[in-house]
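Architecture and fold: a report
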Amino acid sequence: MDKSIKSIIATSAEKNYDIIIGNKSLELIKKRKDILSRDRFALLINKTVYNLYKDYILGCFNEFKNYDIYLIDDGEENKSYRKAENAFNWMLKKGFSRKSAIVGIGGGVVGDFSGFVAALFMRGIPVIHVPTTLLAMVDSSIGGKTAVNISAGKNIIGAFHQPEMVISDMNFLNTLPDNEYKNGLTEALKHALIGEDKLYKLFCNNSASTIKSPDNIMEVVYRSAIFKSGVVSRDEREGGLRAILNFGHSIGHAIESLFEYKGISHGEAVAIGLKIELEVSRRMGMISDDETKKSFDLIDRYGLIFNKLTLDSGKLLEHIKYDKKNVGGEIRCVLLKGIGKPVYNHPVSGSLIKEILDDFIL
Ligand SMILES: NC(=O)c1ccc[n+]([C@@H]2O[C@H](COP(=O)([O-])OP(=O)(O)OC[C@H]3O[C@@H](n4cnc5c(N)ncnc54)[C@H](O)[C@@H]3O)[C@@H](O)[C@H]2O)c1
């Protein structure tokens, strides 16, 4: 294999699959004739990505005639149960069957959506993920969680459905807007703080501009993919260990929900969540002042919190209490006993969180 292409084998109870990372690595999809020579395959593609990369994408499939293209508009609202039904109807009209397959090309919205459609269509057909945002490369394309939104809430309806392959083609990142970059860096930094030591060093030794060099950003994707797939292979269905991946997310999700998912990105909400959950860990005597400061400095150095936000601590606490991971009304978070030493499902008192929120200057 070309040295500029890296490859990881992700293991799961259902199947093992390759995660291929590299510039122009989408061209390697042609080798998956077992999937692309099924009776038909659907290319579910984000519309922005299609407009930017139409010739490149279609060039990678030029030896196949058995596919149809389904474009998905930008926005979380397109990852809905209703839109999934539209996709099922379209697939039936186009003659797709249980011998068909799906290739999803886009960010996490398209990844979650195509995984969900693949999991349910004819009780499950194969899916290949081609993530085109940094967040999707380092996080959402790995691990087999698929979901869509309903009016009552985000990611409520879903299924576990492992992909046949994940292709992270670094070429796509050339056009990724800066804030989307930051969303991905936040999830990668989370991996660094909860145990990916080499990634932690990479963050410590770089800056917001140098981390984007082709070699560094490929290393960020590679290290994150090794780390996340390793955690998931040990706990596919989130019975325990996989919960460490929620570091920063209990508070992050509550912030998104407080803002009704408008005016704040998932990455920025998680970056604030990381700071607050680090501070909870520090005030509970689990992580040192020095390690907390180092972690805060990294979040600041990479500019992961970029809006000036005012958080109403009382209202935010109400949203924190609704988290589905809480047990018996008690707030549970992932905390750190030190950098690289996460503890999941840890009880935290609401009054401590409120005290921190009241002291907090973002
Ligand atoms: N399944 C999981 O384990 C998991 C984990 C984390 C997040 N998620 C989900 O992921 C979603 C968020 O994903 P996201 O942050 O990738 O958002 P996204 O899919 O909405 O993409 C963000 C934006 O980037 C644009 N874009 C994508 N690729 C581009 C490119 N190469 N060049 C230029 N623009 C490009 C898109 O048009 C879009 O506007 C959420 O729905 C979240 O729930 C899932």
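Because the structure is predicted, anything quoted here is derived from the model rather than measured. (Residues numbered from 1 in each chain as written. Predicted model: local features only at pLDDT ≥ 70, side-chain atom pairs only at ≥ 80, totals over all residues. Heavy atoms only, no water.)

Close contact between helix 10 (residues 266–283) and helix 11 (residues 289–301) brings their axes to 10 Å; oriented N to C, the two are set at 175°. The orientation of helix 10 relative to helix 11 falls into the category roughly antiparallel. Here Ala-271, Leu-274, Lys-275, Leu-278, Glu-279 and Arg-282 of helix 10 lie close against helix 11, whose contacting residues are Asp-289, Thr-292, Ser-295, Phe-296, Ile-299 and Asp-300. Looking at side-chain class alone, the contact of helix 10 with helix 11 contains 5 nonpolar, 2 polar and 5 charged residues. (Axes fitted to C-alpha atoms, helices over the stretch in contact; angles between N-to-C directions. Helix = DSSP H or I, 4+ residues; strand = E, 2+ residues; numbered from the N terminus. Parallel < 35°, antiparallel > 145°, perpendicular 65-115°, else oblique. Contact = heavy atoms within 4.5 Å. Nonpolar A, V, L, I, M, F, W, Y, C, P; charged D, E, K, R; others polar.)

In this section: the nonpolar core. Within the largest apolar cluster, 74 residues are counted, with the highest numbers of intra-cluster contacts made by Ile-19, Ile-21, Leu-134, Phe-203 and Ile-353. Sort the elements by how many residues they give to this core and helix 8 (residues 214–234) lands first, with 9 residues. Those residues in contact with Leu-134 that sit more than four places away from it in its chain are Leu-173, Leu-176, Tyr-181, Gly-184, Leu-185, Ile-217 and Val-221. Judged by nonpolar contacts, the second largest core, of 26 residues, contains Ile-5, Phe-41, Cys-60 and Ile-128. (Core = buried A, V, L, I, M, F, W, Y, C linked by side-chain atoms within 4.5 Å. Buried < 20%, exposed > 50% of the residue type's maximum accessible area, 1.4 Å probe, protein only.)

A word on helix 4 (residues 108–120). An ideal rise of 1.5 Å per residue puts 18 Å on 13 residues; helix 4 measures up with 18 Å between its terminal C-alpha atoms. For helix 4, the buried fraction is high: 11 of the 13 residues fall into the buried class. For helix 4, the set of buried residues is Gly-108, Val-110, Gly-111, Asp-112, Phe-113, Ser-114, Gly-115, Phe-116, Val-117, Ala-118 and Ala-119. Two residues or fewer past helix 4, Met-122 is found with a positive phi of approximately 50°. (Expected span 1.5 Å × (residues − 1).)

To continue, consider the environment of Ile-105. Locating Ile-105 in the fold gives a position in strand 5 (residues 101–106). Overall, the relative accessible area of 0% leaves Ile-105 in the buried class. Expressed as a C-alpha distance, the spacing of Ile-105 and Val-220, which sit 115 residues apart in the sequence, is 20 Å. Excluding anything up to four places from it in sequence, Ile-105 contacts Leu-43, Leu-44, Ile-45, Asn-46, Val-49, Ile-57, Phe-61, Val-110, Val-130, Thr-132 and Phe-172.

Moving on to the site of the ligand. In the vicinity of the ligand there are 25 residues, among which Asp-74, Glu-76, Gly-108, Thr-133 and Thr-175 approach most closely. For the ligand, an oxygen atom lies 2.7 Å from a polar atom in the side chain of Glu-76. Protein chains shield 87% of the accessible area of the ligand, which is 880 Å² for the free molecule. In terms of residue class, the shell around the ligand is built from 7 nonpolar, 9 polar and 9 charged. (Near = heavy atom within 4 Å. Polar contact = N/O pair within 3.5 Å; in protein donor to acceptor, adjacent residues only side chain to side chain. Areas by Shrake-Rupley, 256 points an atom, 1.4 Å probe, with all protein chains shown as cover.)

Here we come to the packing of aromatic side chains. Applying the stated criterion to the full structure yields 10 aromatic pairs. Consider the rings of Phe-61 and Tyr-67, whose centres lie 6.0 Å apart with planes at 55°: the pair is tilted. You'll find Phe-61 and Tyr-67 in the same group, each marked buried. Put simply, the rings of Phe-41, Phe-61, Phe-64 and Tyr-67 touch in pairs and so form one group of aromatic residues. (Phe/Tyr/Trp six-rings, centres within 6.5 Å; stacked < 30°, edge-to-face > 60°.)

Taking strand neighbours across the sheet as the criterion, the 7 strands line up as 1-2-9-6-5-3-4 in an open arrangement whose pairing is mixed. Two strands lie at the open edges of the sheet, namely strand 1 (6–10) and strand 4 (67–72), each paired on one side alone. Strand-to-strand twist in this sheet, taken as the mean axis angle between neighbours without regard to direction, amounts to 15°. Looking at chain direction, strand 3 (residues 41–46) and strand 4 are connected through 6 bridges and run parallel. Across the sheet, residue Ile-45 finds its bridge partner in strand 4, namely Leu-71. Helix-sheet contacts for helix 2 (residues 47–60) involve strand 3, strand 4, strand 5 and strand 9 (165–169), and the interaxial angle to strand 3 is about 130°. On the sheet, helix 8 packs against strand 1, strand 2 (17–22) and strand 9 and is oriented at approximately 10° with respect to strand 1. (Pairing = 2+ DSSP bridges.)

As for its position among the elements, Val-110 is in helix 4. Val-110 gets classed as buried once you look at its relative accessible area, which sits at 2%. Taking the C-alpha atoms as reference points, Val-110 and Tyr-261, separated by 151 residues in sequence, lie 18 Å from one another. Those residues in contact with Val-110, other than ones at most four positions away along the chain, are Leu-44, Ile-45, Asn-46, Ile-72, Gly-104 and Ile-105.

This brings us to empty space enclosed by the protein. Following the criterion strictly, the structure yields 2 cavities of 30 Å³ or more and no others. Approximately 100 Å³ is the volume found for the largest cavity. Taken together, 15 residues make up the lining of the largest cavity; nearest its centre are Gly-111, Asp-112, His-129, Ser-140 and Ser-141. Breaking the lining of the largest cavity down by element, the ones donating at least two residues are strand 5, helix 4, strand 6 (127–131), helix 5 (134–140) and strand 7 (145–150). Class assignment for the residues of the lining of the largest cavity results in 3 nonpolar, 10 polar and 2 charged. Counted as a void, the second largest cavity has a volume near 40 Å³. Every residue along the wall of the second largest cavity is listed here: Ala-10, Thr-11, Ser-12, Tyr-17, Ile-142, Gly-143, Gln-162, Ser-229, Val-232 and Ser-233. (1 Å grid on protein atoms, 1.4 Å probe; cavity = no way out; pocket = protein on both sides within 12 Å on 5 of 7 lines; lining within 4 Å. Points joined across faces, edges and corners; volume = space filled by probe spheres on them.)

With that out of the way, let us pick up the pattern of salt bridges. The full count for this structure, using the stated rule, is 32 salt bridges. For Arg-32, the salt bridge goes to Asp-34, with nearest N and O atoms at 2.9 Å. In this structure Arg-32 comes out as buried when scored by relative accessible area, which is 16%. Judged by relative accessible area, which is 47%, Asp-34 ranks as partly exposed. With a shortest N-O distance of 3.0 Å, Arg-40 and Asp-68 are connected by a salt bridge. Here Arg-40, found in the loop between helix 1 (33–36) and strand 3, pairs with Asp-68, found in strand 4; they are 28 residues apart in sequence, far enough to count as distant. A residue is classified by how much of its surface remains accessible, and Asp-68, at 15% relative accessible area, is buried. When salt bridges with common partners are traced through the structure, they connect Glu-279, Arg-282, Arg-283, Asp-289, Glu-355 and Asp-359 into a single cluster. (Salt bridge = Lys/Arg side-chain N within 4 Å of Asp/Glu carboxyl O.)

In short, geometric facts, not functional conclusions.
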